Amino acid sequence: MEIKVIKDILQRNEFSADNIRKLAKENKWFLINVMGSPGAGKTSFIKAMINTFKDRFNLAVIEGDVASTIDAEEISKLGVEVLQINTGGACHLVADSINEALLSLNLKKATVVFIENIGNLICPSSFDLGENMRVVVSSVAEGDDKPYKYPIMFESSDVVVLSKIDVVEIIGFDMEKYIKGLKAIKGDNLKLFGVSFKTLEGLTELESYFSELFNSYFNRK
Amino acid sequence: MHEYFVTQQLIKIAEDELKEVKPKKVLSITVVVGELSGIIDESLKFYFDILTKGTILEGSKLEIVQKKALLFCNSCQSLFERTKDFLCPKCKSLGKLTEHGREFYIESIEVDDGDGN
């Protein structure tokens, strides 16, 4: 006898993600899921955002890491609340643990929460964390073929931050090829910001984009 | 590596489906996995054998049906298998991702319900 099933295997994660969306809406939290390869600049992106916005908005960070607390310690020095989640080997964060983290952070109303996901370009894209927005940090150092090799990561993200643009020439990074790949995936929805967290090039554009976004979400002028 | 978590979910869904049927034995479970789903077949099989121990699925076979990623070419309106630069093999235009290749679901479960069916 054959039983036809056809069920989404990730349905349990979806259930928790829906719960997070509800919590976030009630409390006016804005959750940003930050994804990307190890060393792409996820922590640098979060640190830059904290430095820019900590005086204007309530901020908090959920740090996902396989085992260490290196990034969490560095971020807590900037004076925002940080919670570490160690996945103990898993390659991505799941909605269940974000749900728990949000409750134990004791967040104020109207808070921007950055979630630093585990570094890789495959697994995190499959797991809905109930976030308001997904950012993928992709670095010049990784090469210009990443959109072609990991299309789902880029497709699932709302914003692409291309970091380390100060070494485009040194690496021989083909910007045209990179953007062409992204456009094939994102079409007209592509929001790409080229930045260097070292030389601060491109940071103004990135900051003003997020500034407008937070202002409109929290209804501020 | 997220196959551990995914396999746990898969087993849970299958167990739920089988609650009403109460089969004598589960023979196989067929899962459809697309190339873009991020799921590695071998890891799924590896965890399946370990995690089904002590469940109704113990000893059953995990069958995986693979689906290729297909891109759509707007210029010549054709579907083509993913190339490394996303270019359509026919007209060399840039293709777009489609739903083909993202599949990840349990298609069916084959059971022995004791009637020889």
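The model shown is predicted, which means the values in this text are computed figures rather than measured ones. (Residues numbered from 1 in each chain as written. Chains lettered and ligands numbered in written order. Predicted model: local features only at pLDDT ≥ 70, side-chain atom pairs only at ≥ 80, totals over all residues. Heavy atoms only, no water.)

## Regarding the UniProt feature "binding site: Zn(2+)" (unreviewed entry) in chain B
All names here are of chain B. Mapped onto the present numbering, the UniProt feature "binding site: Zn(2+)" (unreviewed entry) falls at Cys-73, Cys-76, Cys-88 and Cys-91. Spatial clustering of the annotated residues is evident: they stretch over 19 residues in sequence, but the largest pairwise C-alpha distance comes to 8.7 Å. Residue placement: Cys-88 occurs in the loop between strand 4 (78–81) and strand 5 (95–97). Setting aside its immediate chain neighbours within four residues, Cys-88 contacts Cys-73, Cys-76, Ser-78, Phe-80 and Ser-93. Structurally, the position occupied by Cys-91 is in the loop between strand 4 and strand 5. Ignoring sequence-local partners within four residues, the contact set of Cys-91 consists of Cys-73, Ser-75 and Cys-76. (UniProt positions renumbered as here; feature names shortened; annotations may be inferred. Helix = DSSP H or I, 4+ residues; strand = E, 2+ residues; numbered from the N terminus. Contact = heavy atoms within 4.5 Å.)

## Digging into the pattern of salt bridges
Counted under the stated rule, the structure contains 13 salt bridges over all chains. Across the pair Arg-134 of chain A and Glu-131 of chain A runs a salt bridge whose closest N-O atoms are separated by 2.9 Å. Neither Arg-134 of chain A nor Glu-131 of chain A differs from the other in exposure class; each is buried. With a closest N to O distance of 2.5 Å, Arg-102 of chain B and Glu-155 of chain A form a salt bridge. Residue Arg-102 of chain B is located in the loop between strand 5 and strand 6 (104–112), and its partner Glu-155 of chain A is located in helix 6 (residues 151–155); the two belong to separate chains. Its relative accessible area of 24% is what places Arg-102 of chain B among the partly exposed residues. Counted as one network, the salt bridges with shared partners bring together Glu-14, Asp-18, Arg-21 and Asp-128 of chain A. (Salt bridge = Lys/Arg side-chain N within 4 Å of Asp/Glu carboxyl O. Buried < 20%, exposed > 50% of the residue type's maximum accessible area, 1.4 Å probe, protein only.)

## Considerations on the sheet that holds strand 4 (residues 81–86) of chain A
As a general point, the strands of a sheet are linked pairwise by backbone hydrogen bonds and lie either parallel or antiparallel. All names here are of chain A. The seven strands are arranged 4-3-5-2-6-7-8 in an open sheet whose pairing can be described as parallel. Edge strands, defined here as strands with exactly one partner in the open sheet, are strand 4 and strand 8 (192–194). Neighbouring strand axes in the sheet, compared pairwise and without regard to direction, differ in orientation by 20° on average. Here strand 3 (residues 58–65) runs beside strand 4; their pairing, made up of six bridges, is parallel. (Pairing = 2+ DSSP bridges. Axes fitted to C-alpha atoms, helices over the stretch in contact; angles between N-to-C directions.)

## Examining the nonpolar core
In a soluble, globular protein the nonpolar side chains are often hidden away together inside. In terms of nonpolar packing, the biggest core is built from 33 residues, with Phe-45, Phe-114, Leu-206, Phe-210 and Phe-214 of chain A touching the most fellow members. If you list the elements that add at least two residues to this core, you get strand 2 (29–36), helix 2 (42–53), strand 3, strand 5 (111–116), strand 6 (133–139), strand 7 (159–163) and helix 9 (203–217) of chain A. If we ignore the near neighbours within four places in the chain, the residues touching Phe-114 of chain A are Ile-32, Val-34, Phe-45, Ile-46, Met-49, Leu-59, Ala-60, Val-61, Ile-62 and Phe-214 of chain A. Leu-10 of chain A together with Val-6, Ile-29 and Val-33 of chain B belong to the second-largest nonpolar core, a separate cluster that totals 28 residues. (Core = buried A, V, L, I, M, F, W, Y, C linked by side-chain atoms within 4.5 Å.)

## Structural notes on the interface of chain B and chain A
Accessible area lost upon the coming together of the parts is a frequently used measure of interface size. Contacts between chain B and chain A engage 33 residues on the former and 31 residues on the latter. Of the roughly 2,900 Å² buried at the junction of chain B and chain A (both faces included), carbon and sulfur atoms supply 67%. Of all residues in chain B, the largest losses of buried area upon contact with chain A belong to His-2, Phe-5 and Ile-13 of chain B, amounting jointly to 18% of the total for that side. There are one salt bridge connecting chain B and chain A. Inspection of the chain B/chain A interface yields seven residue pairs in polar contact (both at pLDDT 80 or more). Taken together, the elements giving at least two residues each to the side of chain B that touches chain A come down to helix 1 (3–21), strand 5 and strand 6 of chain B. Looking at the side of chain B that touches chain A residue by residue, the classes come out as 17 nonpolar, seven polar and nine charged. One ladder, built from three bridges, connects strand 1 (residues 2–4) of chain A with strand 6 of chain B; its direction is antiparallel. From the neighbouring strand, Glu-2 of chain A faces strand 6 of chain B, where its bridge partner is Glu-110 of chain B. (Buried area = accessible area lost by both parts, 1.4 Å probe. Polar contact = N/O pair within 3.5 Å; in protein donor to acceptor, adjacent residues only side chain to side chain. Nonpolar A, V, L, I, M, F, W, Y, C, P; charged D, E, K, R; others polar.)

## A few points about the UniProt feature "binding site: Ni(2+)" (unreviewed entry) in chain B
Residues annotated by UniProt as "binding site: Ni(2+)" (unreviewed entry) correspond here to His-2 of chain B. Position of His-2 of chain B among the secondary structure elements: in the segment before helix 1. Each residue touching His-2 of chain B, except ones within four places of it in the same chain, is listed here: Cys-91, His-92, Cys-123, Ser-126 and Phe-127 of chain A together with Gly-38 and Ile-39 of chain B.

## Quick look at the pairing of strand 3 of chain A
All names here are of chain A. Of all the eight residues making up strand 3, seven are buried; the element is thus mostly covered by neighbouring parts of the structure. In terms of strand pairing, strand 3 meets strand 5 through six bridges, oriented parallel. Each residue of the ladder has a partner; that of Val-61, found in strand 5, is Phe-114. Handedness of the strand 3-helix 3 (residues 70–76)-strand 4 crossover: right-handed. (Right-handed = clockwise from strand over helix to strand, strands pointing away.)

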